[in-house]
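# Architecture at a glance
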Amino acid sequence: MTEEAPTSILLVDDEASLREPLAEYLARQGFVVTEAENAATARSLLLEITPDLVLLDIMMPGEDGLSLCRHLIEARGLPVILLTAKSEPTDRIIGLEIGADDYVVKPFEPRELVARIRSVLRRAQRVPMPAEETSLYHFEGWHLDPLKRRLIDPEGAMVAISTAEFRLLRAFLDHPRQVLDRDRLLDMVQGREAHMFDRAVDNQISRLRRKIEVDSRNPEFIQTVRGGGYRFSADVRRSANGNGLGK
């Protein structure tokens, strides 16, 4: 019986006085930590590794954390927790709208950060799921594999989606043709902090529409219900997952 590989974390922060002791603390908690002092180094490392989660400072010289966050989510589909020293909520709101999974404000309690890391990984479905939770979704030629978090278009090409977009799409696929209001969708997508950022769900839906709709300005799948929220209009069926799609 083989042991499960330890969780790998990419820690991106230009402040060595925070980054280095934090990396040591996380290592003592059983994580495998790779450090990067800026976005350029992080991008180079990502050519060689695929971490389970990224801890990302927002304010860095050169490319800032929000720009790198967008790349991590849209191109790599990686879970991201933002690290920020700002007291103003603007950057945190933008980060959550981009699709970041959570944030912590410096200075923070390391134990709280570890709890948030484990919570995000659970939401990203890194842990095994019951068989009924891993069955494939199918709608209008599209396929979603929840186990591998892979979205396949009608031509058979894989479409990169962020953790937040995955959870949003799955919420719709679990409740086809039902009206889901923003509060419910925000809770499904962002968790307990979501109620603070009402427009986050609208931005995430806009991004998801651009990926699955023929014309995102006239959507066929994700329809807006005036005064009520959103409804997924396509028929959805599920089938047993035989090791997933795109093998």
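Before going into details, it helps to say that this report is about the structure given with it. (Residues numbered from 1 in each chain as written. Predicted model: local features only at pLDDT ≥ 70, side-chain atom pairs only at ≥ 80, totals over all residues. Heavy atoms only, no water.)

Moving on: the sheet that holds strand S7 (residues 142-145). In space, the five strands of this open sheet follow the order S9-S8-S7-S6-S13, with antiparallel pairing throughout. In this open sheet, the two edge strands, each paired with only one partner strand, are strand S9 (158-159) and strand S13 (237-239). Examined bridge by bridge, strand S6 (residues 136-139) and S13 share three bridges and lie antiparallel to one another. Paired with Leu136 across the strands is Ser239, a residue of S13. Packed onto the sheet, helix H6 (residues 163-174) meets S6, S7, strand S8 (150-152) and S13 and runs at close to 75 degrees relative to S6. (Pairing = 2+ DSSP bridges. Helix = DSSP H or I, 4+ residues; strand = E, 2+ residues; numbered from the N terminus. Contact = heavy atoms within 4.5 Å. Axes fitted to C-alpha atoms, helices over the stretch in contact; angles between N-to-C directions.)

The buried fraction of strand S4 (residues 80-84) is high, at five of five residues. Here S4 shows no split at all, with Val80, Leu82 and Thr84 on one side and Ile81 and Leu83 on the other all buried. The parallel pair strand S3 (residues 53-57) and S4, bridged by helix H3 (residues 65-74), forms a crossover whose chirality is right-handed. Where S4 lies against strand S5 (residues 102-105), four bridges are found, and the strand directions are parallel. Bridging from a neighbouring strand, Leu82 pairs with Tyr103 of S5. (Buried < 20%, exposed > 50% of the residue type's maximum accessible area, 1.4 Å probe, protein only. Right-handed = clockwise from strand over helix to strand, strands pointing away.)

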